[in-house]
Structures are given as C-alpha cells and as structure tokens.
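# Examining the three-dimensional arrangement
Below are the chains, spelled out letter by letter.
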Amino acid sequence: MIAFILWREFRLSIAEINNFFSNSKLIFADREIAFFEWISVDEITSNFYKLGWNIKVIEILEELQEEKNFPVESEKIISEKIDFETGKFCYAFAQYGMNSNIFSSGIKVKKELKKANFKNARFVNKDSNNVNAAVFKKEKLRSLTWIELNFIKAEDRLFLGKTIAYQDVDSYSARDFWKSRDMWIGMLPPKLAQMMINIALTPTLSQREREKNISIYDPFCGLGTILIEALNSGYSNVYGSDLNEKMVEATSKNISFYLKQTTKAEVFKQDSSQIEKVDFLKWTRNISIISEWYLGSIMTKWHVTEEKIDLERDTLYKIYKWFFSWLKKIHFKWDIVICFPFWELKWKYIYFEEVYRLLRDLGFETKKLLPDNLEFKETRSWSLLYHRPGQQVWREIFKLKLG
Ligand SMILES: C[S@@+](CC[C@H](N)C(=O)[O-])C[C@H]1O[C@@H](n2cnc3c(N)ncnc32)[C@H](O)[C@@H]1O
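This report concerns the structure included in the present document. Every value quoted in this text rests on a predicted model; they were computed, and no experiment measured them.

## A look at the overall build of the protein chain
The helix and strand tally for the protein chain stands at 13 helices and 17 strands. Taking 22 Å as the expected radius of gyration for a compact globule of 403 residues, we find that the protein chain reaches 24 Å, a close match to that expectation. In terms of overall dimensions, the protein chain has C-alpha extents of about 75 × 50 × 40 Å along its principal axes. Counting every position in the protein chain, which comprises 403 residues, the buried fraction comes to 38%. A separation threshold of at least 6 residues defines the contact pool for the protein chain, and within that pool the share at least 24 residues apart is 75%.

## Focus: the sheet that holds strand β8 (residues 157-166)
The mixed open sheet is built from eight strands, whose spatial order is β2-β3-β1-β4-β8-β7-β5-β6. In the strand order of this sheet, the two ends are held by β2 (25-29) and β6 (121-123), each with one partner. Shown here is a sheet whose adjacent strand axes are inclined to one another by a mean of 30°, direction ignored. Pairing of strand β1 (residues 2-5) with strand β4 (residues 56-64) involves four bridges; the strand directions are antiparallel. For I5, the partnering residue across the bridge sits in β4 and is K56. Of the strands in this sheet, β1, β2 and β3 (33-37) are in contact with helix α1 (residues 10-20), which crosses β3 at around 15°. Helix α4 (residues 102-115) rests against β5 (89-96), β6 and β7 (146-154) of the sheet, and its axis sits at about 170° to β6.

## Let's talk about the environment of I226
Along the polypeptide, I226 turns up in helix α9 (residues 225-232). Separated by 29 residues in sequence, I226 and I197 have C-alpha atoms that sit 7.7 Å apart.

## Comments concerning the packing of helix α7 (residues 190-200) against α9
Close contact between α7 and α9 brings their axes to 9 Å; oriented N to C, the two are set at 65°. Judged by the twist between their axes, the crossing of α7 over α9 is right-handed. Between α7, through P190, A193, Q194, M196 and I197, and α9, the contact on the second element is made entirely by T225, I226, E229 and A230. Grouping the amino acids of the contact of α7 with α9 by side-chain chemistry returns six nonpolar, two polar and one charged.

## Overview of the pairing of strand β17 (residues 393-402)
As judged from the eight bridges shared by strand β13 (residues 336-345) and β17, these two strands associate in the antiparallel manner. Residue pairing for β17: F340 is matched across the bridge by E396. Note: strand β15 (residues 364-366) against β17, three bridges, orientation antiparallel. Pairing of F364 across the sheet is with L402, part of β17. Here strand β16 (residues 384-386) pairs with β17 via three bridges, running antiparallel. If you follow L385 over to β17, its bridge partner there is E396.

Basis of the calculations
Residues numbered from 1 in each chain as written. Predicted model: local features only at pLDDT ≥ 70, side-chain atom pairs only at ≥ 80, totals over all residues. Helix = DSSP H or I, 4+ residues; strand = E, 2+ residues; numbered from the N terminus. Rg over C-alpha atoms; globule rule 2.2 N^0.38 Å. Buried ≥ 20, exposed ≤ 12 C-beta atoms within 10 Å, placed from the backbone. Contact = placed C-beta atoms within 7 Å. Pairing = 2+ DSSP bridges. Axes fitted to C-alpha atoms, helices over the stretch in contact; angles between N-to-C directions. Left-handed = near helix turned anticlockwise from the far one by under 90°. Nonpolar A, V, L, I, M, F, W, Y, C, P; charged D, E, K, R; others polar.

Right under this line is the structure:
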C-alpha cells in the first residue's frame with residue numbers, strides 16, 4: 001500500500017493521483033493523506049517529478065498494534081539499512097493523524113543503535129515536528145544515505161512506512177525562473193498546470209503511448225506555463241496561442257529552453273473567439289485542450305463589485321460560446337481540461353452558471369474527477385476548485401468531453 005501526503009488542495013491531489021495511476025484503488029483519504037493500492041514503488045519513483053500536488057510518498061511497511069512498538073520496529077528497519085562499512089547514516093521520523101512524541105522515540109532508537117555499535121547514526125528531527133522540504137534540502141538529505149520513517153494513524157489503525165519520494169522544491173523554481181516576470185497577468189501555478197495535464201490524460205493508454213501520441217493545445221497560453229509543464233513531462237507535441245502578441249513572444253522564449261530533439265512546440269497569435277481559424281483542431285488525433293481560460297481583468301478586493309463581475313461575465317461568455325460552439329461543430333471528441341473563473345464577493349460565491357448551461361446545451365459532459373468511494377465530493381457539477389488566499393477570482397476546474 002502507498003500513502004500520499006496531500007497538498008492544501010487535497011481534492012485536486014486525489015483527482016490527479018487517481019487519474020494518473022489509472023489502475024490504482026483508493027482505500028482511505030482525509031485532508032492530509034490518501035492510501036492507494038495497486039501502484040508499485042517503481043511507478044511512483046519514475047513518475048514522481050510529473051505529479052503536481054503531492055509532496056511526499058510513503059511505502060507502507062507494516063501495520064502495528066501499539067504506539068509503543070514504534071522505537072523497536074524502527075530500530076529494526078534502520079539497522080538493516082545502515083552502511084556497515086562506515087556506519088554513517090541519517091534518519092528522520094514523521095507522524096500523520098496522531099500526536100505522539102516521535103522525538104523521544106527517535107532518541108531511544110539512537111541509544112539502541114549505539115549499543116549495537118552504529119555510532120554514526122544521526123537523528124535529523126530537532127523536535128517533535130516532521131522534517132519538511134526546506135529542512136530536507138538544508139540537511140542535504142537527498143545526497144546522503146538516509147531513511148525517513150512515518151507513523152500514521154488512519155481510521156484507528158497504526159501504520160509504519162518509509163518515505164520513497166520527496167518533492168524537489170528547487171525544480172519548480174528552476175522552471176519558473178525562465179518566465180518573464182515583467183508581465184502583468186495572472187500566471188497559473190506550475191503545480192496546477194501539471195495537475196491539469198495529468199487529469200486530462202486518457203487512462204486507457206500506457207504512459208509511453210500517451211507521451212508519444214498525445215498533442216496538447218492551450219488557446220490562452222499567456223506565459224506558457226501549461227506548455228512548459230507538458231514538455232517537461234515528456235509530451236512531444238504542444239501548441240499554444242494567445243490574443244496578445246507579447247504573450248506569444250514570451251511563451252516562445254520561455255519554452256525554447258525546454259524543447260528537446262523529440263519534442264515540438266508551435267506558438268501563434270490567435271483570438272480564441274475565432275477558433276475556427278485553428279485548422280489543426282479539425283484533423284489532429286488525440287489532441288487535448290488544456291487551458292486556464294482568460295479569467296477577465298484582474299480585480300482586487302478594493303475595486304470588485306457585482307456590476308463589474310456582471311460585465312466580465314458578459315464579455316467572457318461571448319468567447320466561451322463561440323469557442324465551444326465551434327468545437328461542437330467540428331465534433332471535437334478529445335478531452336478538455338479547463339479552468340473557468342468564479343468570484344468571491346464579501347463571502348458570497350458567484351458561479352458562472354450560464355456557462356454550465358451553455359456546455360450542457362451544446363452536449364459537453366462533465367467527467368467525474370474523484371473516485372466513487374471518497375467521502376468528500378466535488379462540487380455539484382463535478383468540478384474542483386482552486387484559489388489562493390486573498391484572491392477575488394477563483395478557478396473552477398472541469399474535465400469535459402463532447403457526448
Ligand atoms: C489567465 S491568462 C493565462 C495565463 C497562463 N495560463 C499562464 O500561466 O501563463 C489568460 C490569457 O488569455 C489571453 N486572452 C484574452 N482574451 C483572449 C482571446 N479572446 N483569445 C485568446 N487569448 C486571449 C490573455 O492575453 C492572457 O495571456
């Protein structure tokens with residue numbers, strides 16, 4: 001069994017894992033952790049960098065009867081891993097769903113290891129807190145011989161597992177670094193872009209086939225976040241367009257860095273309300289539209305009003321209507337993963353109801369994103385929500401397909 005530590009947007013994390021490992025089965029989930037079966041350690045470690053939301057993955061080693069067994073069991077596992085030549089080793093503890101004194105357990109383990117002549121084992125935790133990605137980086141744990149053991153309480157059961165993958169915070173900043181920062185647009189967080197790509201994939205194809213055969217088109221590419229994440233995950237054909245010439249230039253500049261011999265990217269200027277001019281949509285097979293839709297002008301809480309939101313909705317609706325009517329006309333049958341805006345105004349949520357109606361009338365079906373056996377649900381239209389604290393315009397993520 002594999003446990004995924006989830007991010008703040010836990011529903012999105014679960015949707016991504018569920019779709020990416022399409023043969024897996026969800027066993028249990030709360031807001032912090034999700035247990036899945038039928039995913040191998042190899043599958044995780046070779047694909048971890050492509051996953052957006054999850055921050056750490058744990059392989060469950062055993063179920064324990066009592067908390068007091070933690071030090072004894074941990075010592076057994078750790079001493080098996082120690083390098084016998086040098087005796088050098090680092091170990092860390094973490095806990096989820098419980099509030100045990102892992103620090104004192106860690107010290108006990110150290111004493112036992114000393115007795116067994118492993119003098120160089122170092123316990124990394126400084127107190128009873130879990131080691132986080134920043135400490136992981138600071139202590140250079142990635143480059144050392146180390147093990148992290150996790151104590152997890154879920155549904156009154158106790159589990160002991162070892163960490164098999166840890167988010168590499170530097171890889172995101174390295175990708176962001178190349179984007180032009182001087183442009184005033186709401187950029188999509190790279191993690192969310194990755195997650196949308198993983199939600200869009202066709203689960204029936206193998207990972208290899210998906211990467212070889214699938215094309216991705218973002219008709220509102222902005223600075224190219226979705227295209228960059230797609231190239232970084234190994235997709236070979238990416239297309240992007242934007243109304244604004246400057247965005248087209250910025251995207252081209254940003255993605256040139258990620259282009260490999262086996263990948264292809266085309267970026268062009270195009271108003272999406274005239275989508276009928278994008279010819280390749282008619283004849284390209286397996287082309288997924290993955291896009292953060294134009295969310296309207298940026299509104300801060302100081303100048304947002306219901307009238308301004310209504311005006312935005314009118315403008316945006318016209319583009320949506322044209323765009324989706326065209327897709328219907330050409331019988332576009334591939335997956336579409338898209339963020340629509342919705343607004344928060346003094347604790348009131350204003351949803352883009354007329355777009356739901358439009359999509360329904362045109363025959364687009366919303367795909368379910370979460371597994372059936374999960375207690376917390378999507379919204380009533382099966383979308384998932386994303387927002388950053390303090391933002392007025394939120395994002396509602398849909399997976400659509402023409403029925
Ligand atoms: C929210 S931004 C997309 C940001 C992008 N996801 C990123 O992370 O960089 C929306 C983009 O839509 C573009 N846009 C607005 N109206 C458009 C239209 N009618 N057709 C095509 N692009 C449009 C804007 O120029 C802007 O770059």
